[in-house]
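Fold and contact review
As a plain string of letters, each chain reads:
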There are 4 protein chains.
Amino acid sequence: MNMGESLTKVGVLGARGKLGSAIVAGLEQSEDVDVVARVGSADPLQALLDSGAEVAVDVTTPEAVMGNLEFCIAHGIHAVVGTTGFDEERLATVRGWLSDARGVGVLIAPNFSIGAILMMRFAVQAAPFFESVEIVELHHPTKADAPSGTARRTAELVAAARRDAGLGPVPDATSTQLDGARGAVVDGIHVHGLRIRGLVAHQEVVLGGVGETLTIRHDSLDRAGFVPGVLAAVRGVPGHPGLTVGLESYLDL
Amino acid sequence: MNMGESLTKVGVLGARGKLGSAIVAGLEQSEDVDVVARVGSADPLQALLDSGAEVAVDVTTPEAVMGNLEFCIAHGIHAVVGTTGFDEERLATVRGWLSDARGVGVLIAPNFSIGAILMMRFAVQAAPFFESVEIVELHHPTKADAPSGTARRTAELVAAARRDAGLGPVPDATSTQLDGARGAVVDGIHVHGLRIRGLVAHQEVVLGGVGETLTIRHDSLDRAGFVPGVLAAVRGVPGHPGLTVGLESYLDL
Amino acid sequence: MNMGESLTKVGVLGARGKLGSAIVAGLEQSEDVDVVARVGSADPLQALLDSGAEVAVDVTTPEAVMGNLEFCIAHGIHAVVGTTGFDEERLATVRGWLSDARGVGVLIAPNFSIGAILMMRFAVQAAPFFESVEIVELHHPTKADAPSGTARRTAELVAAARRDAGLGPVPDATSTQLDGARGAVVDGIHVHGLRIRGLVAHQEVVLGGVGETLTIRHDSLDRAGFVPGVLAAVRGVPGHPGLTVGLESYLDL
Amino acid sequence: MNMGESLTKVGVLGARGKLGSAIVAGLEQSEDVDVVARVGSADPLQALLDSGAEVAVDVTTPEAVMGNLEFCIAHGIHAVVGTTGFDEERLATVRGWLSDARGVGVLIAPNFSIGAILMMRFAVQAAPFFESVEIVELHHPTKADAPSGTARRTAELVAAARRDAGLGPVPDATSTQLDGARGAVVDGIHVHGLRIRGLVAHQEVVLGGVGETLTIRHDSLDRAGFVPGVLAAVRGVPGHPGLTVGLESYLDL
């Protein structure tokens, strides 16, 4: 962070959580961003106004995020949202708020990891060219859900890309199996979840055709890996008024 | 194959099949083995006697193998068996035949791949030192069973090693999951099977503890990979009278 | 191959070689292609005309290919060329021939593997987003050159993508090293070549930034893996008059 | 840590460093160890005596470690040493001190990672069975030396295992290469070092024979990964009087 005039003033909501702290620490090292407000769950949103924040980064909870967004939009503060739980209804509500606040941008980003975004993008690009594709995700054993949200999302995107390309079902001659041996099936795509102590968050997309395979693997080893994505979001949101879902829209791919 | 006097004379039963042909081709390139009989399903076993075979390699079918073994043992021919389907009853029958034929060796080898045998061995050796372990096997999509026999066997061996070391269940906090997402469970060990066009036969054992993981991966890319194991078996069987199960007993590990 | 009227008639030049035989076998299984001529090094090119070939696939030698191309272009036969050795001078010569043969297409394809093409494409797309990138290629130990042509090409493309994105040199604090420990350096990108018995042709591009890595791996396990690329080339070349370098131009990426 | 009577009293030398802090934190979570002294570079060794430490863990510097060891041995305190820089001369000195202190155990452990130790062990066990073997190590780009000490050690051990098994040089037909493309050569074994932002410390040993490969990979993701090895050392050292080099001697492999 330096003192140039073009610094973007950022307030972080959820700044006391693990992810929030990592994001604050990361943003503070950036040369074009100034973290002007660190708002915890007990702090008033007024801090955003007092500090002159231009962009709010929300990494709070599904319970808190809608109130935060309504406040930001009403006060002309752009918002970058990493909090989960956005269904169609919530997106419609946000769009409604934004229709009265032209010029304000909101980015809902289910994933700030640029590596994960690229992995999904490449899986979708490659899918039409391969007869087979499966997904393996590997996480620490304290994770509650299986498969991971990213793996499910990847499967849905890959399945859609195969349909668009006119591909039929993946080949699979399995006739006798132990329950679960072929993984979960999401939109026709097999997804496997491993839980291993020592791992953080990892995913592999394996594509194969006659004589060759292509494997795309993402390894997330540290929360700090989210910082470049948050930075790209903070830099991009003022130039993208209205609602955007997915950081990939901001990346020059 | 050369003409030295110490050549072991080998007859291959099932010599016309894919695996049998590959084994014949491989043995013929060895310097200490002479393939003296190539017996197909329609050929008489008498060919073994006529050719003076000292060792028979049986890669036939579960239907044919017991008759072949009875014949070999009765005529003092050592046998190396890659054919599947040996349960306790069959093993007991073979032991009975061998009790009247001291000096004759029979090796029942569920797996001739030295790489696969080492993978299982290392998984067992490492198991006591890691809190987590899971198995991923990857095969071509025309395979009928899932998980593979090797993966099931690895899981059983690893589970036993963990019990012996006093380890409890693997850690797993999964509370919500799609059916199959965590794979099949064999003796408490999670096993995942992928079916991908372009692949042959592959397996990965992933072990993990706080801060580190150890991965042991075997890739079988060609049937020719079985030849060194068959050779080790052919060389070893005359010196191992009686019944042996598993090629690993012959390897100097 | 079926008997429909829309079959493309293809002649294969170099049809008796290993790659040529695999391509003939592969094309013969396609439903929209009819292999009408299989031309070996001793056979006359006239066979292309006699058989009515519309597209020639050339997998011959640097010595033979230019004569073949001149013949094809002069007779209005589209050409798909997998033969290596095309420098700027040769490309200029081909362009000259094509200027008198409007409507005829020639594709010079250094690589028919769609997996390898996608690997290179994805490496280039990802390069601007990661501070570090290195390339590992793994081949059978009878390969004469190191690193492989594909690895060098990937390094050059990745280096260019980094320059375009304004990235500086990759970070590397190595101050003491054994000769060769950090690999070969191609346009500033470190490239490592392994030679391992049992392998065929494999490449991994490892990209990394703070907290995360992205790995793109291509495994070529069998010559048959080139067939889909050759098919895409055969289907695409009539619609791409003039000279095209690189199959990627035909793929809908 | 609980209050049972069988607790081993441990003093940590170098307790304020990154590794030392992680070890203190890890030991404090163990149920059979009591950390009674945390000694920094400015603190007197007397703290070991005052606290009644039975075992000292030394993770200091090559400059400090010999003085620390002389003190410990003289006072009958067992020592576990992770500090580097032990050549034959230093080992001889320590053996001399120990000859006057029967019953005292010293373990010099170049590596506390059980995963790394197993990787090396398995590489050595597998080496006689494969024609080819190479080593790839991957680290963060702030590492000063290439290849890593663990990779060099693995190469030496694997080379010795090959010699003992009567294997000749690894096959390699490379005739034209860019400088460094085939890596560094340690005792005839090719070793490749990657430096990638986002990585911590990783190594892969790739072994191959006709038709199959075996890959052993160790990923160290966090300093906490050293704690189980330190614990095994602390528990083992009182029962191993005299000098031991390498934690593997304590593991039941």
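Residues numbered from 1 in each chain as written. Chains lettered and ligands numbered in written order. Predicted model: local features only at pLDDT ≥ 70, side-chain atom pairs only at ≥ 80, totals over all residues. Heavy atoms only, no water.

This part is about the interface of chain B and chain A. In many reports, interface size means the accessible area that the parts give up when they come together. Taken together, the contact pairs 45 residues of chain B with 45 residues of chain A. Of the roughly 3200 Å² buried at the junction of chain B and chain A (both faces included), carbon and sulfur atoms supply 60%. The largest contributions to the chain B side of the interface with chain A come from Leu178(B), Ile196(B) and Arg197(B), which together make up 18% of the buried area. At the surface where chain B touches chain A, the tally comes to two salt bridges. A salt bridge links Arg197(A) to Glu131(B); the shortest N-O distance between them is 2.7 Å. Applying the counting rule to chain B against chain A returns 24 residue pairs in polar contact (both at pLDDT 80 or more). (Contact = heavy atoms within 4.5 Å. Buried area = accessible area lost by both parts, 1.4 Å probe. Salt bridge = Lys/Arg side-chain N within 4 Å of Asp/Glu carboxyl O. Polar contact = N/O pair within 3.5 Å; in protein donor to acceptor, adjacent residues only side chain to side chain.)

For the rest of this paragraph, the subject is the relation of the copies chain B and chain A. What connects the two chain copies is a rotation about an axis and a shift along it. If you rotate chain B by 180° and push it 0.0 Å along the axis, it lands on chain A with an RMSD of 0.0 Å. Here the transformation between the copies is reduced to the relation of a two-fold axis. Considering only C-alpha atoms, the part of chain B nearest the rotation axis is Gly180(B), at 1.9 Å. (Least-squares fit on C-alpha atoms with pLDDT ≥ 70 in both.)

To continue, consider the pattern of salt bridges. Residue and element names in this part refer to chain D. Under the criterion given, the structure shown has 44 salt bridges over all chains. Arginine 235 is the salt-bridge partner of aspartate 32, the closest N and O atoms lying 2.7 Å from each other. With a gap of 203 residues between them, aspartate 32 in the loop between helix H1 (18-28) and strand S2 (33-39) and arginine 235 in helix H7 (residues 227-236) connect regions that are remote in the sequence. Taking the relative accessible area as the measure of exposure, aspartate 32 reaches 25% and is therefore partly exposed. Residue arginine 235 is classed as partly exposed on the basis of its relative accessible area of 47%. (Helix = DSSP H or I, 4+ residues; strand = E, 2+ residues; numbered from the N terminus. Buried < 20%, exposed > 50% of the residue type's maximum accessible area, 1.4 Å probe, protein only.)

Turning our eyes to something else, we now look at the sheet that holds strand S1 (residues 8-13) of chain D. Residues and elements named next belong to chain D. Here we have six strands laid out as an open sheet, ordered S2-S1-S3-S4-S5-S13, and parallel in their pairing. Unpaired on one side and paired on the other, S2 and strand S13 (242-245) mark the two borders of the sheet. Each strand of the sheet is rotated relative to its neighbour by a mean of 20°, with strand direction disregarded. Where strand S3 (residues 55-58) and strand S4 (residues 78-81) come together, four bridges link them in parallel fashion. Considered in S4, the bridge of valine 55 is made with histidine 78. (Pairing = 2+ DSSP bridges. Axes fitted to C-alpha atoms, helices over the stretch in contact; angles between N-to-C directions.)

Okay, the UniProt feature "active site" (unreviewed entry) in chain A next. Mapped onto this numbering, the UniProt entry gives "active site" (unreviewed entry) at His139(A) and Lys143(A). Among the structural elements, His139(A) can be located in strand S6 (residues 132-139). His139(A) sits in the buried class, given a relative accessible area of 10%. Residues in contact with His139(A), not counting those within four places in the same chain, are Ser148(A), Leu194(A), Arg195(A), Ile196(A), Leu199(A), Val200(A), Ala201(A) and His202(A). Take Lys143(A): it is sitting in the loop between S6 and strand S7 (145-146). Once residues within four sequence positions are removed from consideration, Lys143(A) is found in contact with Ser148(A), Arg195(A), Ala173(B) and Thr174(B). (UniProt positions renumbered as here; feature names shortened; annotations may be inferred.)

Moving on, we get to the relation of the copies chain C and chain D. With an RMSD of 0.1 Å, chain C superimposes on chain D once it is rotated by 180° and translated 0.1 Å along the axis. In this assembly, 100% of the residues forming the interface of chain C have copies in chain D that are likewise at the interface, indicating an isologous arrangement.

Right, let's talk about the nonpolar core for a bit. Val12(B), Leu27(B), Leu214(B), Val12(D), Leu27(D) and Leu214(D) are the most contacted members of the largest nonpolar core, which totals 100 residues. With residues near it in sequence (within four places) discarded, Leu27(B) still touches Val10(B), Val12(B), Val33(B), Val35(B), Val227(B), Val230(B) and Leu231(B). Core analysis: the second largest hydrophobic core is formed by 99 residues, Val35(A), Ile114(A), Tyr250(A) and Val205(C) among them. (Core = buried A, V, L, I, M, F, W, Y, C linked by side-chain atoms within 4.5 Å.)

Residue and element names in this part refer to chain B. Within the secondary structure, isoleucine 135 sits in strand S6 (residues 132-139). Separated by 122 residues in sequence, isoleucine 135 and leucine 13 have C-alpha atoms that sit 33 Å apart. When residues no more than four places from it in sequence are discounted, the contact partners of isoleucine 135 are Ala151, Thr154, Ala155, Ile189, His190, Val191, His192, Gln203, Glu204 and Val205.

A few words on empty space enclosed by the protein. Residues and elements named next belong to chain C. For the structure shown, the criterion picks out two cavities of 30 Å³ or more. The computed volume of the largest cavity comes to approximately 1000 Å³. No other element matches the five residues that strand S12 (residues 212-220) contributes to the lining of the largest cavity. Here the residues of the lining of the largest cavity are counted per class, giving 21 nonpolar, twelve polar and twelve charged. (1 Å grid on protein atoms, 1.4 Å probe; cavity = no way out; pocket = protein on both sides within 12 Å on 5 of 7 lines; lining within 4 Å. Points joined across faces, edges and corners; volume = space filled by probe spheres on them. Nonpolar A, V, L, I, M, F, W, Y, C, P; charged D, E, K, R; others polar.)

Now for the interface of chain C and chain D. Counting from both sides, the interface comprises 45 residues of chain C and, opposite them, 45 residues of chain D. Taking both sides of the interface into account, the surface hidden between chain C and chain D amounts to around 3200 Å²; carbon and sulfur atoms contribute 60%. Seen at the junction of chain C and chain D, the total is two salt bridges. Inspection of the chain C/chain D interface yields 24 residue pairs in polar contact (both at pLDDT 80 or more). Counting only elements with at least two residues in the side of chain C that touches chain D, the list comes to strand S6 (132-139), strand S7 (145-146), strand S8 (176-177), strand S9 (184-186), strand S10 (189-195), strand S11 (201-209) and S12 of chain C. The element that contributes the greatest number of residues to the side of chain C that touches chain D is S10(C), accounting for five residues. In terms of residue class, the side of chain C that touches chain D is built from 19 nonpolar, 15 polar and eleven charged.

Another aspect to go through is helix H3 (residues 62-74) of chain A. All names here are of chain A. With 13 residues, H3 ought to run about 18 Å at 1.5 Å a step, and its terminal C-alpha atoms sit 19 Å apart, in line with that. Inspection of H3 places Val65, Met66, Asn68, Leu69, Phe71, Cys72 and Ile73 among the buried residues, and these make up the whole buried set. Those residues of H3 that are buried are in contact with strand S1 (8-13), helix H2 (46-51), strand S3 (55-58), strand S4 (78-81), helix H4 (88-99) and strand S5 (105-108). Immediately beyond the C-terminal end of H3, within one or two residues, lies glycine 76, with a positive phi of roughly 70°. (Expected span 1.5 Å × (residues − 1).)

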